[in-house]
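Structure assessment
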Amino acid sequence: MYIKDIPHFAPIFNNLEGYYRRNIDGKNMLITHYTSLDQNLIIVGVVPYDELIKEATYIRGSIIFIIIVSIIVAFFLAYIISYNISMPVKKLTALMQEVECGNLDVVINIKRKDEIGMLGKSFNSMTSKLKNLIEEVYKNHLKRKEAELRALEAQIN
């Protein structure tokens, strides 16, 4: 039996070189061929298609796994970064609400050198100055009351 007589190999004789897929005995096969004109030879290779794509399937699975792990790590890192940024802001907001309610003895301990740290320092400075101003106003009010009391005593006398 010659190769010309096998129907699966008929396309070989149409081109000098190439490849195509055929189902041979229930298996998907890749058939490659090259015609050497100077030696009057046709070189034919028949390989199961599944064998060829086995590595590609493994690589595709590995890439998908790496992508999924990378996405999970990226979400985890994003969560940590956003937590580290938002938590001091939430603390500062809570302490501002306490000051709003009248508690001037609050202090925020943020040891950061960024904008949030600057906000914390400014907040501590503001509450300290506010507390000092309220004490000064209270002392001035007391002094004014004492002066009014002395003036009334002087008028009585």
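Residues numbered from 1 in each chain as written. Predicted model: local features only at pLDDT ≥ 70, side-chain atom pairs only at ≥ 80, totals over all residues. Heavy atoms only, no water.

1. Quick word on the nonpolar core
One broad trend across soluble globular proteins is that nonpolar side chains are buried collectively. With 9 residues, the main nonpolar core is built from Leu92, Leu95, Val99, Leu104, Val106, Ile108, Ile110, Ile116 and Phe123. Residue assignment for this core shows that the elements contributing at least two residues are helix H1 (49-100) and helix H2 (115-156). No other element matches H1, which puts 3 residues into this core. Excluding residues that lie within four positions of it along the chain, valine 99 makes contacts with Leu104, Val106, Phe123 and Thr127. Ranked by size, the runner-up nonpolar core spans 6 residues in total, among them Phe9, Tyr20, Ile24 and Met29. (Core = buried A, V, L, I, M, F, W, Y, C linked by side-chain atoms within 4.5 Å. Buried < 20%, exposed > 50% of the residue type's maximum accessible area, 1.4 Å probe, protein only. Helix = DSSP H or I, 4+ residues; strand = E, 2+ residues; numbered from the N terminus. Contact = heavy atoms within 4.5 Å.)

2. Notes on unusual backbone geometry
If you check the backbone angles, aspartate 25 has positive phi at about 50 degrees while not being a glycine. Within the element layout of this structure, aspartate 25 appears in the loop between strand S1 (17-24) and strand S2 (27-36). Note on aspartate 25: relative accessible area 78%, which makes it exposed.

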